[in-house]
Every structure is written in structure tokens, then in C-alpha cells.
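Observations on the three-dimensional arrangement
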Amino acid sequence: MKRRTFSSMMIAATLALSTAAGAARAEAPEVRISHGYGLLYLPLMVIRDQGLLEKHAKAMGLGDVKTKWVLLDGGNVINDAMLAGNLDIAGTGAPGFVTLWSKAHGIPRSEVVGLGALSTSPLWLNTNNPNVKSLKDFTPKDKIAIPGIKTSLSAVLLQMAAAKTFGAENYAKLDPLTVSLSHPEAMASLVSGKTEITAHFTSPPFSYQEAKAPGITRVLNSTDVLGHITIDVVFALKSFTDKNPKLTQAFMAAQEEANAYIVKNRKGAAETFLRVSKLKLPQEEVEQMLADPGTEFSTTPVDIMQYVLFMSKAGTIKTKPAVWNEMFVPAFKDRKGS
């Protein structure tokens with residue numbers, strides 16, 4: 001009798017473990033993730049380079065999860081790819097995420113949710129026009145390069161700066177001057193001085209590279225206008241996080257490990273950036289950029305509601321969250337973000 005009882009217990013335990021393992025393995029076997037060109041995507045590049053998502057997924061019993069990485073830039077492009085079902089997780093400018101969260105809120109197929117902040121760093125508006133000293137000096141002859149019209153990070157930051165300069169009702173005053181170009185293309189155009197591009201609103205390393213070029217001056221530093229604010233975030237389709245809770249946890253753990261690595265090993269982080277981005281820069285320069293006190297990699301959002309309030313007032317979003325963490329996964333409920 002005792003033997004039969006023991007055998008039954010062993011069979012039940014084995015079945016329970018088998019069921020649990022099967023449930024874990026039932027999550028997606030592959031994750032499609034995008035990041036952009038610049039230094040602000042460094043945590044994602046570290047995750048990619050060191051296989052951190054695969055590592056944490058395996059530790060959580062998910063087996064050998066594969067990752068497919070895509071290079072995308074510009075909020076509108078990233079949002080379109082997410083809604084088309086071509087991405088699972090993406091790094092993007094905070095305004096692009098807010099735009100999509102508002103647009104898709106309450107729509108099961110399209111609803112998105114934040115997995116955390118990604119980075120904070122000043123964006124610089126640089127120009128090759130010696131007559132432009134401030135936003136007030138731009139004329140219809142000038143063209144300002146940004147990654148995406150209206151919804152990209154640079155586009156919304158430019159609108160927010162314009163609202164402070166010309167008045168809230170004139171937030172879109174400089175929109176007619178904007179031209180959609182990737183940061184590498186825009187930098188090449190601005191520095192050459194041979195195209196219609198006379199200004200570029202960009203992030204590191206491109207902002208630093210342009211500032212070193214002859215004839216380039218800085219018109220605006222975003223931090224001077226908007227303060228120390230989260231610039232980029234990471235998000236996913238809510239349906240993906242619902243179906244893949246352990247995989248979502250694995251990604252979030254991977255990002256925390258990547259952030260810790262960047263803080264502890266600036267040299268290694270710079271090497272990773274150059275290896276993954278394939279940009280030709282002296283490693284010492286990248287390390288100097290990482291040493292800038294204005295550049296920070298943290299998963300806790302800072303002042304992200306500033307975007308929400310501006311975009312709501314401007315009418316570019318209709319639905320807005322009551323509090324910042326309404327846009328993020330439940331794990332952020334008790335975070336001291338803003």
C-alpha cells in the first residue's frame with residue numbers, strides 16, 4: 001500500500017513538473033526586437049551582443065529562445081511595424097510610444113504597453129547656417145532633418161521647444177521646415193553643406209560628431225528647455241506580454257543586467273556600441289559620451305507625463321493616462337517614476 005501511494009505521488013509530481021515545463025515552453029520560441037542607430041539604444045545593443053534575453057529565458061525554463069533583431073528608426077516607422085505584427089518588442093522615442101498607446105488603447109489587437117524606460121540624454125539641434133542662433137532665426141529657406149515627421153522623438157521635442165519659444169498655440173510653427181531622414185543620412189547632409197538640409201535635431205553620437213565639424217553650431221539643447229526627461233522607452237504589444245509573461249520578465253531582467261553592465265564597464269559598453277552599430281568612431285569618444293552626466297540608462301521613466309500633457313493639449317493624442325504607470329506593465333505600479 002505504501003509503495004503504491006509513493007508511486008502515485010511520484011507520478012503526480014512528474015506530471016506536474018511536465019505540465020509546468022510544457023506551459024513554459026508554450027511561450028513564443030522567437031522574439032523580434034528593434035533598436036535604432038544611436039547611443040540611446042545601447043542597452044538593447046548590449047542585450048543583443050551578449051545574448052542576455054536568451055540567457056534569462058533559459059534560466060526561467062523557456063528553453064532555447066531565439067531573437068531576431070531589426071534596425072528601425074523613427075516613431076512612425078516603428079509603430080507601423082508593431083501594428084503590422086512584424087515586431088514583438090521595440091525601443092523607440094517616448095512620444096512615439098505615447099502616440100501609439102493613446103491610439104490603440106482599448107483595442108485588443110493593437111494595444112501596447114511599456115516594458116520600461118530606455119535612456120535619457122540631451123538632443124542637440126545643430127545647424128550649418130551662420131545666421132541661425134535660435135529657433136526664431138529659422139526661415140522658410142531652412143530645412144530641419146528629423147527621423148520622422150510629427151511623431152518621432154525629435155519632431156515632438158522640436159514642437160515642445162517651439163511652444164516655449166513662440167507660445168503654446170504655435171507649437172507646430174517649425175513643422176513645415178522638417179524633413180524626414182535617418183540620423184546617419186541627416187548628419188552627412190548637414191556636414192556636407194551641399195543639400196537643402198540646414199539643421200538636424202539629433203542624439204549622440206551624431207550630435208557630437210556634427211559639433212566637431214567646421215561651420216556647425218548648436219542652436220538648442222533639449223535638456224535646457226525640457227529638463228532631465230526620459231527620451232526613449234521599450235514597449236510591446238499587450239497581447240504579446242499577456243501570452244508570454246515569463247518571456248516578458250526575461251526581457252526586463254536582461255535590460256536591468258545590460259544597464260548594470262554599462263555603468264560598471266564603460267569601455268566594454270563603448271566597444272559593444274561600435275561593434276553592433278558598425279559606426280566608425282574612436283572608442284575614446286564613445287566613452288566620453290557615456291561619461292556625460294546627462295546621459296543615463298534606467299528602466300524607471302522620468303517626467304514622461306510631460307509628453308502626455310503637451311500632446312494632449314496640442315490635440316495630437318485623444319486618450320491620455322491618468323498617471324504615468326498606466327502605460328506600463330503592472331510591475332511598474334510601485335515604481336517612483338513620473
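Note that the coordinates shown come from a computational prediction; the quantities given were computed from them, not determined experimentally.

1. Considerations on the sheet that holds strand β4 (residues 112–119)
- Read from one edge of the open sheet, five strands run β2-β1-β3-β10-β4, paired in mixed fashion. One side of each edge strand has no neighbouring strand; the edge strands of this open sheet are β2 (66–71) and β4. Strand-to-strand twist in this sheet, taken as the mean axis angle between neighbours without regard to direction, amounts to 25°.
- One ladder, built from six bridges, connects strand β1 (residues 30–35) with β2; its direction is parallel. Directly across from I33, in β2, lies its bridge partner W69.

2. Side note on the pairing of strand β3 (residues 89–93)
- The buried fraction of β3 is high, at five of five residues.
- Where β1 lies against β3, two bridges are found, and the strand directions are parallel. Bridge pairing in β3 links I33 to I89.
- Pairing of β3 with strand β10 (residues 232–237), which is carried by five bridges, proceeds in the antiparallel orientation. Counted as the bridge partner of T92 is V233 from β10.

3. As for helix α13 (residues 283–291)
- Buried within α13 are the following residues: Q283, V286, M289 and L290. Looking down the long axis of α13, one finds its buried residues gathered within 115° of arc, a one-sided arrangement. Of the residues in α13, the exposed ones pointing more than 90 degrees away from the buried face are E284 and Q288.
- Considering only its buried residues, α13 is in contact with α2 (42–50), α8 (206–212) and α12 (266–277).

4. Side note on the packing of helix α3 (residues 52–59) against helix α11 (residues 245–264)
- α11 packs onto α3 with a crossing angle of 130° between their chain directions and a minimal axis gap of 8 Å. Taken together, the axis directions place α3 and α11 in an arrangement best described as oblique. For the pair α3 and α11, the sense of crossing is right-handed. Residues L52, L53, K55, H56 and A57 of α3 pack against L247, A250, F251, A253, A254, E257 and A258 of α11.
- Residues that form the contact of α3 with α11 fall into these classes: nine nonpolar, one polar and two charged.

5. So, the packing of aromatic side chains
- In this structure the tally under the stated criterion is seven aromatic pairs.
- Summarising the aromatic geometry, the rings of Y171 and F310 are spaced 5.8 Å apart at their centres and angled 85° between planes, so their arrangement reads as edge-to-face. In this pair, Y171 sits in the loop between α6 (153–166) and β7 (178–180) while F310 sits in helix α14 (residues 305–314), placing the two residues 139 residues apart along the sequence.
- According to the relative accessible area criterion, F310 is buried, its value standing at 16%.
- A centroid spacing of 5.6 Å and a plane angle of 40° characterise the contact between F328 and F332, whose relative ring orientation is tilted.
- Residue classification places F328 among the buried positions, given a relative accessible area of 5%.

6. Section: the confidence of the model for the protein chain
- When pLDDT is averaged along the protein chain, the result is 91, and 93% of the positions lie at 70 or above.
- Contacts for the low-pLDDT stretch residues 1–24, under 50 throughout, to residues beyond four places or in other chains number three contacts.

7. Section: the UniProt feature "domain: SsuA/THI5-like" (unreviewed entry) in the protein chain
- Residues annotated in UniProt with the feature "domain: SsuA/THI5-like" (unreviewed entry) correspond here to residues 81–265.
- Its end C-alpha atoms 33 Å apart, residues 81–265 is made of 41% helix and 21% strand.

8. Structural notes on the nonpolar core
- Ranked by internal contacts, the top residues of the largest apolar core, which has 95 residues, are L42, L125, F138, F251 and Y307.
- When residues in this core are grouped by element, the largest group, ten residues, is from α6.
- The contacts of F138, once residues within four sequence positions are left out, are L125, V132, I144, L174, L177, A199 and V219.
- Grouped together as the second largest cluster of nonpolar side chains are eight residues, A145, A186, L190 and I216 included.

The rules behind the values
- Residues numbered from 1 in each chain as written.
- Predicted model: local features only at pLDDT ≥ 70, side-chain atom pairs only at ≥ 80, totals over all residues.
- Heavy atoms only, no water.
- Pairing = 2+ DSSP bridges.
- Helix = DSSP H or I, 4+ residues; strand = E, 2+ residues; numbered from the N terminus.
- Axes fitted to C-alpha atoms, helices over the stretch in contact; angles between N-to-C directions.
- Buried < 20%, exposed > 50% of the residue type's maximum accessible area, 1.4 Å probe, protein only.
- Arc of directions from axis to C-beta.
- Contact = heavy atoms within 4.5 Å.
- Parallel < 35°, antiparallel > 145°, perpendicular 65-115°, else oblique.
- Left-handed = near helix turned anticlockwise from the far one by under 90°.
- Nonpolar A, V, L, I, M, F, W, Y, C, P; charged D, E, K, R; others polar.
- Phe/Tyr/Trp six-rings, centres within 6.5 Å; stacked < 30°, edge-to-face > 60°.
- pLDDT = per-residue confidence, 0-100.
- UniProt positions renumbered as here; feature names shortened; annotations may be inferred.
- Core = buried A, V, L, I, M, F, W, Y, C linked by side-chain atoms within 4.5 Å.

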